[in-house]
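Topology and contacts: notes
Residues per chain, in single letters:
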Amino acid sequence: MVNHKVNHKTIELINSLKGKEKIKILFVCLGNICRSPAAQGVMEALVAERGVANRFEIDSAGIGGWHVGDLPDKRMRVHASRRGLELTHRARQVRPYDFGEFDMVVAMDDNNVEELLDRARTPEDERKIVRMTDFARHHAGAESVPDPYYEGAEGFELVLDLLEDSCSGLLDALT
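Here's what I pulled together on the structure shown here.

Quick notes on the rules
Residues numbered from 1 in each chain as written. Predicted model: local features only at pLDDT ≥ 70, side-chain atom pairs only at ≥ 80, totals over all residues. Heavy atoms only, no water. Helix = DSSP H or I, 4+ residues; strand = E, 2+ residues; numbered from the N terminus. Buried < 20%, exposed > 50% of the residue type's maximum accessible area, 1.4 Å probe, protein only. Salt bridge = Lys/Arg side-chain N within 4 Å of Asp/Glu carboxyl O. Pairing = 2+ DSSP bridges. Axes fitted to C-alpha atoms, helices over the stretch in contact; angles between N-to-C directions.

A word on unusual backbone geometry
- With a phi close to 65 degrees, asparagine 32 is a non-glycine residue in the positive phi region.
- Inspection of the secondary structure assignment puts asparagine 32 in the loop between β1 (23–29) and α2 (35–49).
- Its relative accessible area of 0% is what places asparagine 32 among the buried residues.

With respect to the pattern of salt bridges
- Summed over the entire model, instances satisfying the criterion amount to 17 salt bridges.
- Residue aspartate 109 is joined to arginine 35 by a salt bridge in which the shortest nitrogen-to-oxygen separation is 2.9 Å. Remark: arginine 35 occurs in helix α2 and aspartate 109 occurs in the loop between β3 (104–107) and α5 (110–119); sequence separation between them is 74 residues.
- Since its relative accessible area comes to 14%, aspartate 109 is described here as buried.
- Judged by its relative accessible area of 2%, arginine 35 falls in the buried class.
- Between aspartate 73 and arginine 75 there is a salt bridge; the shortest N-O distance is 2.8 Å.
- The structure contains a network of salt bridges with shared partners spanning Asp59, Arg92, Arg95 and Asp98.

Points about the sheet that holds strand β2 (residues 56–62)
- The strand order β2-β1-β3-β4 describes an open sheet built from 4 strands, whose pairing is parallel. Both outer strands of the open sheet, β2 and β4 (129–131), are each paired with one neighbouring strand and no more. Sheet twist, expressed as the average angle between the axes of neighbouring strands with direction ignored, equals 25 degrees.
- Direction of pairing for β1 relative to β3: parallel, over a ladder of 4 bridges. Its bridge partner lying in β3, valine 28 is registered against alanine 107.

This is the structure:
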């Protein structure tokens, strides 16, 4: 079940996706080099581990275009590899048509949510935007996945802990 802090809109979205043959999820952070590609890697590993990879299409993007074409931050790749994750996604910026392509747009923090709401073209687009930590069960007090870019090793580890918890909760809610 989803976290107690999930709002009615998110519960409706989850319920509408449960029966879909293929669920398309876009993870979004600021630059698409730390949090969102890590979320993509965690979720891809989880769906593969649970034998449901064929039911999901997973991607990530950034609010800004500063890092378009770049691999994830080297520090994030190192920390992720210690957990058995290989992050090979190339950064890209959120595109207007992503709202039409994806069933769910998962933001890492409230600033990302606000930026995505500003870019949403329709109320239907807005309904697709959810916050990553709403699905956290072991970090229920977490309000966001903090940007580790200016942090040390502990920042990257915290992000991965939050993403593993939240992605697991999200997958449980969808399956």
